[in-house]
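# Structural characterization, general
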Amino acid sequence: MPQLDPQHLDAEALYAALLDQVRAGIAGAHEPAIVGIHSGGAWIAERLARDLGLTQRLGVLDVSFYRDDYAKKGLPAEVKPTNIGFDVAGATIVLVDDVLYTGRTTRAAINELFDYGRPARILLAALVDRGERQLPVAADFVAAHTRVGAGEALRLRQADTGQFKLTIERENA
């Protein structure tokens, strides 16, 4: 997939492409469920679950306690609750994140998911893959590939209307 200019990413168009990929990818799957990673992945997961008719099989994770840099960085200012109200065991889970980067958040999310049971399968969906992996993690569904400059982060924002927008910000040190 070609690299897109991060300044011109249309988050709503990317969401539509991701929705189409996930819909096709879970067709016929055993007990499909959607689990989003706070915050941006949870926003996307909520829309995916609604658009795919899976609102009863929607969960959200906050991986703060599962991160490998927890001791170094400490807890974020606002830890969100994990909420998985369905049986994970034997399910096909679509794990959703907004931006796939190093792979460390994905690793933490998978670790946390297994605390709730052993899924039959975990598929990873990301709105944007910015590369630069530190762990061998690859998305099954991804709407765009891009790169941002050193010291920059790609952030998903959600307006009060529910619309998505991607911005480039300076990373926190």
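Residues numbered from 1 in each chain as written. Predicted model: local features only at pLDDT ≥ 70, side-chain atom pairs only at ≥ 80, totals over all residues. Heavy atoms only, no water.

To continue, consider the overall build of the protein. From N to C terminus, the protein includes four helices and nine strands. Written out in order from the N terminus, the α and β elements of the protein read β-α-β-α-β-α-β-β-α-β-β-β-β. A globule of 173 residues ought to have a C-alpha radius of gyration of about 16 Å, and the protein, at 15 Å, matches this closely. Principal-axis analysis of the C-alpha atoms gives the protein an extent of 40 × 40 × 35 Å. The burial tally for the protein puts 46% of its 173 residues in the buried class. Partitioning the intrachain contacts of the protein with sequence separation of at least 6 by distance along the chain shows that 68% fall at a separation of at least 24. By element, 49% of the accessible surface of the protein is carried by carbon and sulfur atoms, the whole surface being about 8,900 Å². Looking at the protein, you have 19 positive and 23 negative side-chain charges, and the mean spots of the two groups are 3 Å apart. (Helix = DSSP H or I, 4+ residues; strand = E, 2+ residues; numbered from the N terminus. Rg over C-alpha atoms; globule rule 2.2 N^0.38 Å. Buried < 20%, exposed > 50% of the residue type's maximum accessible area, 1.4 Å probe, protein only. Contact = heavy atoms within 4.5 Å. Areas by Shrake-Rupley, 256 points an atom, 1.4 Å probe, with all protein chains shown as cover. Lys, Arg positive; Asp, Glu negative; His and termini not counted. Charge placed at Lys NZ, Arg CZ, Asp CG, Glu CD.)

Judged by pairing direction, the sheet is mixed, and its seven strands sit side by side in the order 1-7-6-5-2-3-4 without closing on themselves. Of all the strands in the sheet, the pair left with one neighbour each is strand 1 (3-4) and strand 4 (83-84). By the bridge criterion, two bridges tie strand 3 (residues 58-61) to strand 4 in an arrangement that is antiparallel. Within the sheet, the bridge partner assigned to Gly-59 lies in strand 4 and is Ile-84. Docked against the sheet, helix 1 (residues 11-26) engages strand 2 (32-37), strand 5 (92-100), strand 6 (121-129) and strand 7 (141-146), running at close to 145 degrees with respect to strand 7. Against the sheet, helix 4 (residues 104-114) makes contact with strand 2, strand 3, strand 4, strand 5 and strand 6, and its axis sits at roughly 155 degrees relative to strand 5, the strand it touches most. (Pairing = 2+ DSSP bridges. Axes fitted to C-alpha atoms, helices over the stretch in contact; angles between N-to-C directions.)

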